[in-house]
Amino acid sequence: MGLLEIKNLHANIGDKEILKGVDLTINPGEVHAIMGPNGSGKSTLSAVLTGNPAYTVTEGSVMFNGKNLLEMAPEDRAREGMFLSFQYPVEIPGVSMVNFIRTAVNEKRKYQGQPALSATDFLKMMRERKDLVELDNKLANRSVNEGFSGGEKKRNEIFQMAMLEPKLSILDETDSGLDIDALRIVAKGVNHLRSSENASIVITHYQRLLDYIVPDVVHVLYKGRIVKTEGRELVAELEEKGYDWIKRELGDL
Amino acid sequence: MDMSVEQSYIDIYNQMAEKVKAQSSAPLNALRDDAMKAFAERGFPTKKWEDFQRTDLKERYATNYGINLTQFNIDFNPYSAFKCDVQAIKSHLFFVVNDVFYCGDKRATDEIEALKKQGIIAGSLRQVAKQHPELVAKYYGKAAKWDVDTTVAFNTAFAQDGFFIYVPKNVEIDCPIQIINVMNGDLDMMATSRNLVIVEEGAKLQLLVCGHASKSFNYLCNRVTEAFIGNYATLEMYKLEDTEESVTNIGSLFIEQQADSNVLVNEITLKNGFTRNNINVNLLGEHAELNLCGMAIGDGKKHIDNHTFVNHAVSHCKTNELYKYILNEESVGNFDGKILVNKGSQKTEAYQSNRNIVVTPTAKMYTKPHLEIYADDVKCSHGATVGQLDKEALFYMQSRGIPEAEARMLLMVAFANDVIENIRIEALRTRMHMLVERRFRGESSACTSCSDLCK
């Protein structure tokens, strides 16, 4: 059985249907890229999977680790091993990074029946994982994402991913707004965390990020459905030809 | 005008005034009759009064509380009942039990003696007024005006005791003075106490005033404090209310600041019943600076009203004002703040901000920030916001595995943080962060003991 099994998923925001029957299976060890033109539903898919209350699922099922994902609160999804690297990480003035991430790590441990980490162990872990994405020491003492540059915010997402050791990571447009240096650091972090036990979904418009994080499978999401699934060679084809040929295949152009 | 609530107090005064005066001394007695006259003319404030639109005090006084005119001593030693081991916050600790300064324990008299060695006069207002009538008379009633608020007139007519602190020129106390107002009795009760604080030129005082109450009875406190801050003098005053739902707390603070003085007032309503805080600051000397801040946490049917008035009487003064409320359930908050910049008070800097989170649809926040400016070369701003917890931040935290309730708590604590960060005593700041967090977790210590603050 797959780590994630999405079947015929339909979801709305308000009265508007965005996802119109998504089918997707992801196995441990795999990296899937989801590409597609603007407005096709890529970010909606990540929001629905993580339980964002702004979206309503109207049909279909999602199993994660053999459990019904759609019945879980967002925090339980996270503690089951789901992680979203936000396209726009949220600033939380007054909540320090240290306090935030310690709470998150310990909540997950509690969920798994493990004791809270000691202060020493926690700080050691934090130091190691922080170095992975070259996150400045000072950022740890600041409020979550407050006053972080675009690149720092994205690196902070990957840092949190490293701390929480998810089974499934969804990187939602992690490359947007990143210069090439930051992109390389982010990709290095993601690749370092890659294992045969976990999987990733990389949502992106561009080939750029996929040069660094090489996917096993590439999907094209268009008008709320996955309309094409191929190997990594599809990335280059899309980069060269754009999406019009796919639209044409579907009779939309 | 219906004066039925007031009439019983007027009658008591007429019957008992001579006895009260005999127990008290000249500086306090000098104002009693005038104060009673002003009170009898207008009665208690109601919602029809402009400064009381959200807070009816007549209604609060309608309950028939006993009034402690004979100043009887209750058999209650707060020193042993409170077990206050002051470690993190070393302080000179005193108690006002109901409306009487507590001298019944050697620790109180020892502290008074220790402070005397530093040149400081501290202790019971009643006693100091007898020992140093000229010192008390010079200040008593000079700042506390009752034209806006007749509960101040009521207080002036009836009050007999409270705390007194005099810090002479250029003296800096070795550690903060902590006053704990505690309501404790075996019946419903009213406390009317009066405090006087004098910080002379170049002197410095850190004052921590806590309000607590035992759970069992209904109490009404009316406490008026006057503070006179000399040239180059500093006052830091931290007020913490951690009482019970059965408590009505009316606190009025009048401050006069001379040139180059620096005052910080930080007023934290952690837990209460029905509270009206009134702060009135007169900036009388150039280059005086005032930092005025506060926060309130409401739930249940709590009522919290902060009313502030700052008068920039001269030029080159600075005011920084920040109040924050976090209201849950059916609690009601009111902020009414006014800064007046008089004609000729050029180069004034005055900033006022009131920010609020209304967590539940049934909670209510009223806010009225205002500036009145008659000078043309000033830097001033004011503003208010009423909002909810940031939904995106909540989801962000949940998506990291933090449960919703915990995420809400973190956001509320974060919201309160910048008021607490204004506390300049590190140990108290740390303590307050913890108390606020515990309050949000619903673990408030049911603080009939103050051990909480002092451990």
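See above for the structure.
**Student:** What exactly am I supposed to notice about helix α1 (residues 42–50) of chain A here?
**Tutor:** In terms of burial, α1 of chain A is largely enclosed, as 9 of its 9 residues are buried. Glycine 51 of chain A sits one or two residues past α1 of chain A and shows a positive phi near 90°.

**Student:** Would you mind going over the sheet that holds strand β12 (residues 262–271) of chain B with me for this structure?
**Tutor:** Residue and element names in this part refer to chain B. Sheet architecture is open: 10 strands sit in the order β3-β2-β6-β8-β10-β12-β14-β16-β18-β20, paired in mixed fashion. Where the open sheet ends on each side, the last strands, each with one partner, are β3 (100–101) and β20 (379–387). In this structure, strand β6 (residues 177–183) lies alongside strand β8 (residues 204–213), joined through 7 bridges in parallel fashion. Each bridged residue has a counterpart across the sheet, and for isoleucine 180 the counterpart in β8 is cysteine 210. Those strands touched by helix α11 (residues 404–420) are β12, β14 (289–298), β16 (318–327) and β18 (349–358), and its axis lies near 160° from that of β16. This element, helix α12 (residues 426–440), spans β8, β10 (234–242), β12 and β14 of the sheet and lies at about 25° to β12.

**Student:** When you look at the interface of chain B and chain A in this model, what are you seeing that I'm missing?
**Tutor:** How big an interface is tends to be stated in terms of accessible area lost as the parts join. Facing 16 residues of chain B, the contacting portion of chain A comprises 20 residues. The set of elements that each furnish at least two residues to the side of chain B that touches chain A consists of α10 (391–398) and α11 of chain B. The greatest single-element share of the side of chain B that touches chain A, amounting to 6 residues, is contributed by α11 of chain B. Here the side of chain B that touches chain A is built from residues that sort into 8 nonpolar, 4 polar and 4 charged.

**Student:** In this structure, what is going on with the pairing of strand β11 (residues 217–222) of chain A? I would like to understand it.
**Tutor:** Consecutive side chains along a regular strand alternate between the two faces of the sheet. Residues and elements named next belong to chain A. Among the 6 residues in β11, 5 count as buried, and that is most of the element. With 4 bridges connecting them, strand β3 (residues 31–35) and β11 associate as parallel partners. In the strand pairing of β11, alanine 33 is matched with valine 218. With 5 bridges joining them, β11 and strand β12 (residues 225–230) adopt antiparallel strand pairing. Counterpart to histidine 219 in the pairing with β12 is threonine 229. Turn length for the β11-β12 hairpin, with the two strands adjacent in sequence and antiparallel, is 2 residues, and the turn residue lysine 223 shows positive phi of about 50°.

**Student:** When you look at the packing of helix α6 (residues 150–164) of chain A against helix α7 (residues 180–193) of chain A in this model, what are you seeing that I'm missing?
**Tutor:** Helix-helix packing is described using two parameters, namely the angle between the two axes and the distance between the axes. Residues and elements named next belong to chain A. The N-to-C vectors of α6 and α7 enclose an angle of 5°; their axes lie 10 Å apart at closest approach. On the basis of the axis angle, α6 is roughly parallel to α7. Residues Gly151, Lys154, Arg155, Ile158, Met161 and Ala162 of α6 pack against Ala182, Ile185, Val186, Gly189, Val190 and Leu193 of α7. Classifying every residue of the contact of α6 with α7 by side-chain character gives 8 nonpolar, 2 polar and 2 charged.

**Student:** Looking at this structure, how should I read the sheet that holds strand β6 (residues 82–85) of chain A?
**Tutor:** Backbone hydrogen bonds hold the strands of a sheet together, and the pairing may be parallel or antiparallel. Residue and element names in this part refer to chain A. If you trace the 6 strands from one edge of the open sheet to the other, you get β6-β9-β10-β3-β11-β12, paired in mixed fashion. Both outer strands of the open sheet, β6 and β12, are each paired with one neighbouring strand and no more. The sheet shows a mean angle of 20° between the axes of neighbouring strands, taken without regard to direction. Where α6 meets the sheet, it contacts β6 and β9 (168–172), and its direction lies at approximately 170° from that of β6.

Calculation criteria
- Residues numbered from 1 in each chain as written.
- Chains lettered and ligands numbered in written order.
- Predicted model: local features only at pLDDT ≥ 70, side-chain atom pairs only at ≥ 80, totals over all residues.
- Buried ≥ 20, exposed ≤ 12 C-beta atoms within 10 Å, placed from the backbone.
- Helix = DSSP H or I, 4+ residues; strand = E, 2+ residues; numbered from the N terminus.
- Pairing = 2+ DSSP bridges.
- Contact = placed C-beta atoms within 7 Å.
- Axes fitted to C-alpha atoms, helices over the stretch in contact; angles between N-to-C directions.
- Nonpolar A, V, L, I, M, F, W, Y, C, P; charged D, E, K, R; others polar.
- Parallel < 35°, antiparallel > 145°, perpendicular 65-115°, else oblique.

Coordinates in, geometry out; function isn't part of it.
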